[in-house]
Amino acid sequence: MENEQTFFDFAAEAGLTKHFGGLEGTAELVGLCHIGEGSYVLDVGCGVGATACFLAKRYGCRVMGVDIRARMVERAEERARRDGLSDQVAFRVADAQDLPFEDDLFDAVITESVTAFPEDKQRAVNEYARVTKPGGYVGLAESTWLQVPPPPELVAWVSQDVGSCVRPLAADDWMGLLENAGLQDITMRLHPVDAKHEAKLLTQRYGYGGMIGSALRMLVMLVRNPAYRRFVKGVRESGVIPENLDEYFGYGLYVGRK
Ligand SMILES: C[S@@+](CC[C@H](N)C(=O)[O-])C[C@H]1O[C@@H](n2cnc3c(N)ncnc32)[C@H](O)[C@@H]1O
């Protein structure tokens, strides 16, 4: 069983998921998607629920989070209970490519470092558009190649940093997915990735207490789980941040209106 464990199983166990841009990126996406008090928001690929809880707390909206991994959903539910937000946020296990919701339900559907993963990205974006109300917004915050083709050492670094099955796209391809899903007034904002700043953003998102809690859970995994030890060894071996990272790799915010 242990060799079936993936990057995201370890992330769920540690109680820590991330996307490039951290809370700064989320706040920018919220503005572009016109999310505010009274909005009903779907966060697809919600991970451990950090964005869902942040949106409920900061903007007073209702949030549904879905993730393909049951353990992520459990972690997200724990966070919502801890933060006293269980009446504002709810979570379900679901695949982005097959959302278990009726048409025209949400004011906004967002994803942060998620749509790079499904096999059929167009099918996933079509699903986001289907469950969005007419006049509502679909907003993606997704890793992006700023120049293609990227050098192989960058592909290797990005894969170990965000999970081995990640398949980022170039900006035009992300825009094309929104266009093909029938969305209008599509906007894009591109940001380079600064790996050192990303580490600070992670602490800002989870706080020192959250980071210490996750570090302890990772230590326990190191002691008890041989698959995790192999994973950490692999990360150490390919771990130097490439110097040309910001020339080639960034994240984009891609937003369209239904
Ligand atoms: C890089 S993490 C980002 C999590 C979260 N959005 C955040 O910002 O912390 C990617 C998440 O997408 C989830 N995921 C991957 N493929 C998915 C799919 N097809 N449908 C739903 N969730 C998916 C993973 O389980 C993981 O929790």
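If you're wondering where the values come from, they're calculated on a predicted model, not measured in any experiment.

Engineer: An account of the pairing of strand β8 (residues 249–257) is needed here, citing residue identities and associated values.
Structural biologist: Taken across its nine residues, β8 has eight buried, putting it largely inside the fold. Taken together, the nine bridges between strand β5 (residues 132–145) and β8 define a ladder with antiparallel strand orientation. Bridged to V138 within β8 is G256.

Engineer: Mind laying out the site of the ligand, listing which residues take part and the relevant values?
Structural biologist: Taken together, 23 residues sit near the ligand, with T17, H19, G45, G47 and A96 positioned nearest. When grouped by side-chain class, the residues that make up the shell around the ligand number 11 nonpolar, seven polar and five charged.

Engineer: Lay out the environment of K57 in plain terms, naming residues and giving numbers.
Structural biologist: Tracing the sequence through the fold places K57 in helix α3 (residues 50–59). A residue is classified by how many C-beta atoms lie within 10 Å of it, and K57, with 14 of them, is partly exposed. Measuring from C-alpha to C-alpha, the distance between K57 and V89 comes to 9.9 Å, with 32 residues separating the pair along the chain. Among all residues touching K57, those that are not within four sequence positions of it are D83 and L85.

Engineer: I'd love a proper account of the environment of V73, names of residues and values included.
Structural biologist: As for its placement among the helices and strands, V73 is situated in helix α4 (residues 70–82). Judged by the 23 C-beta atoms lying within 10 Å of it, V73 is buried.

Engineer: With reference to specific residues and values, describe the pairing of strand β2 (residues 62–67).
Structural biologist: Within β2, five of the six residues are buried, leaving the element largely enclosed by the surrounding structure. With five bridges connecting them, strand β1 (residues 40–44) and β2 associate as parallel partners. When the bridges of β2 are listed, V44 appears paired with V66. Note: β2 against strand β3 (residues 89–93), five bridges, orientation parallel. Its bridge partner being in β3, G65 is matched across the sheet by F91.

Engineer: Can you break down unusual backbone geometry residue by residue, with the values?
Structural biologist: Glycine aside, residues mostly have negative phi angles, and peptide bonds mostly take the trans form. In this structure, P149 follows V148 across a cis peptide bond, with omega equal to 0°. The residue H34 is not glycine, and still its phi comes out positive at about 55°. You will see that S113, though not glycine, has its phi angle at about 55°, which is positive. Relative to the assigned elements, S113 resides in the loop between β4 (106–112) and α5 (121–131).

Engineer: Tell me about the nonpolar core, residues and numbers included.
Structural biologist: With 62 residues, the main nonpolar core has C33, V41, A52, V63, A76, A108 and V109 as its most contacted residues. Those residues within four positions of V41 in sequence are excluded, and the remaining contacts are I35, L55, C61, V63, F106, D107, A108 and I110.

Engineer: Kindly report on α3, identifying the contributing residues and their values.
Structural biologist: Within the span of α3, buried status applies to A50, T51, A52, C53, L55 and A56. At the exit of α3 stands G60, carrying a positive phi of roughly 70°.

Scoring rules and cut-offs
As a convention, each chain's residues are numbered from 1 in the sequence order in which they are written. This being a predicted model, a pLDDT of at least 70 is required before a residue's local features are given, and a value of 80 or more before pairs of side-chain atoms are given or counted; all residues contribute to the totals for chains, interfaces and linings. Counting other C-beta atoms within 10 Å of its own, a residue is labelled buried from 20 upward, exposed at 12 or fewer, and partly exposed in the gap between, with every C-beta atom placed from the backbone. A run of H or I in DSSP counts as a helix once it spans at least four residues, and a run of E counts as a strand once it spans at least two, with each numbered from the N terminus. When DSSP finds at least two bridges between two strands, those strands are taken to pair. Only the C-beta atom, placed from the backbone, is used; a residue is near a molecule or strand if that atom lies within 6 Å of it. Residues were grouped as follows: Ala, Val, Leu, Ile, Met, Phe, Trp, Tyr, Cys and Pro as nonpolar; Asp, Glu, Lys and Arg as charged; and all remaining residues, including Gly, as polar. Working definition of a contact: two residues with C-beta atoms, positioned from the backbone, lying within 7 Å. For this analysis, nonpolar core means a set of buried Ala, Val, Leu, Ile, Met, Phe, Trp, Tyr and Cys residues linked through C-beta atoms within 7 Å.

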